[in-house]
Amino acid sequence: MKHDDHDTCGCNVTPEQVDTARRRLLAGAAATGAAAIAGSAAHAATPEARALYADPADPGLPQIDMEITPGRTALVVTDPQIDFLSEDGVTWGVVGESVTEQGTVDNIERLFAAAKAAGMPVFISPHYYYPHDHKWQFEGTLEKTMHAIGMFDRPDALSLDGFEGSGADWMPQYKTYIEDGETIVCSPHKVYGPAQNDLNLQLRKRGIDKVILAGMSANLCTQAHLYELLELGYEVAVVRDATAGAKVPEGDGYLAAIINFRMVANGVWWTDDAVTRIARGA
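Draft legend 1. Quick peek at the overall build of the protein chain. Helices and strands together make up the secondary structure of the protein chain, namely 12 helices and eight strands. Looking at the protein chain residue by residue over its 282 residues, the buried ones come to 50%. Carbon together with sulfur atoms contributes 53% to the accessible area of the protein chain, which is approximately 12600 Å² in total.

So, in structure tokens, the structure goes:
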């Protein structure tokens, strides 16, 4: 939804508020160098990114792992949408550097392709905001930001008018996988985690108790899904270069996430490793 029609959408967000919020995001990105990133995402994490976010040479915590079990393992992708992953998305100014460093766009596609080839179930946990969501009486910092910039906005829960090519739409290269009639697209989560959508129900109904987790963004929705799934009794392996995070004056979201992934996930994999494991486990 574009907020030049805010009088009819009922969200009370003015075009001036949207423009101001976007300028602030871009200004924050410039401070960290993200705005200088140009071109499409790389095919894999760059050597510089691998070095910058390398695991410790001498880990202080026990090193565990997750095994793929056919029929019990699924790929879950959070927010594979334009507003997070495209240069045309409203958050590119702050996530673009990390998305490019990690090769996130292509790595998510590689996971989709591997899962489909292996017959592994694929679940999408998307993020949408409708006009009634803009009437919340209180918000956290990033909730307020997402609402202000019109992120993931749709005009109606039951209509696809204006969806095609909008920020809420899937990245174009993912559509062949998501729209194949087999992928389970869950109801939208509203803040960060899946507590308010039907992801857990859909996974349990398929007999899934192991999850390979990827998507956007690392320290927000992806991390929140990790925590919630762990609390619900799933084993979860996170694909570390199939996600990315914002870089803002407040900090590096990807670094914050990768630290927590190491501490709580049942596995932290590179895409190359995940693709090989998925094919081997088919």
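Don't stop here, the text continues.
Draft legend 2. Region of interest: the layout of surface pockets. One number sums up the size of the second largest pocket: a volume of about 480 Å³. In this structure, the second largest pocket is lined by 20 residues; those nearest its centre are Pro62, Gln63, Arg262, Met263 and Val268. Where the lining of the second largest pocket is concerned, the elements lending two or more residues are α11 (253-264) and β8 (267-269). Examining the composition of the lining of the second largest pocket, we find that five residues originate from one element, α11, more than from any other. Taken together, the residues that form the lining of the second largest pocket break down as 12 nonpolar, four polar and four charged.

Draft legend 3. How the structure looks around the pairing of strand β2 (residues 122-125). Taking every second residue as pointing to the same face, both faces of β2 are buried, with Val122 and Ile124 on one and Phe123 and Ser125 on the other. Pairing geometry for strand β1 (residues 73-78) and β2, over four bridges, is parallel. Residue pairing for β2: leucine 75 is matched across the bridge by valine 122.

Draft legend 4. Local environment of helix α5 (residues 92-102). Across the 11 residues of α5, 11 count as buried, placing the element largely inside the fold. All of the buried residues in α5 are Trp92, Gly93, Val94, Val95, Gly96, Glu97, Ser98, Val99, Thr100, Glu101 and Gln102. Phi turns positive one or two residues past the end of α5, at glycine 103, with a value near 65 degrees.

Draft legend 5. Seen up close, the pattern of salt bridges. Scanning the model with the defined rule gives 12 salt bridges in all. Across the pair arginine 262 and aspartate 55 runs a salt bridge whose closest N-O atoms are separated by 2.7 Å. Linking arginine 262 in helix α11 with aspartate 55 in the loop between α3 (47-52) and β1, this pair joins segments that are 207 residues apart in sequence. Given the relative accessible area of 28%, arginine 262 is considered partly exposed. Note on aspartate 55: relative accessible area 42%, which makes it partly exposed. Taking the shortest distance from any N to any O, the salt bridge between aspartate 65 and arginine 277 comes out at 2.6 Å. On the criterion of sequence distance, the pair formed by aspartate 65 in the loop between α3 and β1 and arginine 277 in helix α12 (residues 271-280) is long-range, its members being 212 residues apart. Since its relative accessible area comes to 39%, aspartate 65 is described here as partly exposed. Note on arginine 277: relative accessible area 13%, which makes it buried. Taken together, the shared-partner salt bridges in this structure form one network comprising Asp55, Arg240 and Arg262.

Draft legend 6. The arrangement of the packing of helix α10 (residues 218-231) against α11 in detail. Contact geometry of α10 with α11 gives a least axis separation of 9 Å together with a crossing angle of 15 degrees. Regarding the angle of α10 to α11, the classification is roughly parallel. Between α10 and α11 lies a crossing of left-handed hand. Between α10 and α11, the contacting residues are Ala218, Asn219, Thr222, Gln223, Leu226, Tyr227 and Leu230 on the first element and Gly253, Tyr254, Ala256, Ala257, Asn260, Phe261 and Val264 on the second. Taken together, the residues of the contact of α10 with α11 sort by class into nine nonpolar, five polar and no charged.

Draft legend 7. Seen up close, the nonpolar core. Core analysis: the biggest nonpolar cluster contains 38 residues, and Leu75, Leu85, Val99, Leu111, Phe112, Tyr174 and Ile212 have the highest contact counts within it. The dominant element in this core, judged by the number of residues it contributes, is helix α6 (residues 104-118), at six residues. Apart from residues no more than four positions distant in its own chain, isoleucine 212 is found in contact with Met66, Ile68, Thr73, Ala74, Leu75, Val76, Met120, Ala237, Val239, Trp269 and Ile278. Counting 22 residues, the second-largest nonpolar core is a separate cluster that includes Tyr53, Val76, Leu203 and Ala257.

Rules used throughout
Residues numbered from 1 in each chain as written. Predicted model: local features only at pLDDT ≥ 70, side-chain atom pairs only at ≥ 80, totals over all residues. Heavy atoms only, no water. Helix = DSSP H or I, 4+ residues; strand = E, 2+ residues; numbered from the N terminus. Buried < 20%, exposed > 50% of the residue type's maximum accessible area, 1.4 Å probe, protein only. Areas by Shrake-Rupley, 256 points an atom, 1.4 Å probe, with all protein chains shown as cover. 1 Å grid on protein atoms, 1.4 Å probe; cavity = no way out; pocket = protein on both sides within 12 Å on 5 of 7 lines; lining within 4 Å. Points joined across faces, edges and corners; volume = space filled by probe spheres on them. Nonpolar A, V, L, I, M, F, W, Y, C, P; charged D, E, K, R; others polar. Pairing = 2+ DSSP bridges. Salt bridge = Lys/Arg side-chain N within 4 Å of Asp/Glu carboxyl O. Axes fitted to C-alpha atoms, helices over the stretch in contact; angles between N-to-C directions. Parallel < 35°, antiparallel > 145°, perpendicular 65-115°, else oblique. Left-handed = near helix turned anticlockwise from the far one by under 90°. Contact = heavy atoms within 4.5 Å. Core = buried A, V, L, I, M, F, W, Y, C linked by side-chain atoms within 4.5 Å.

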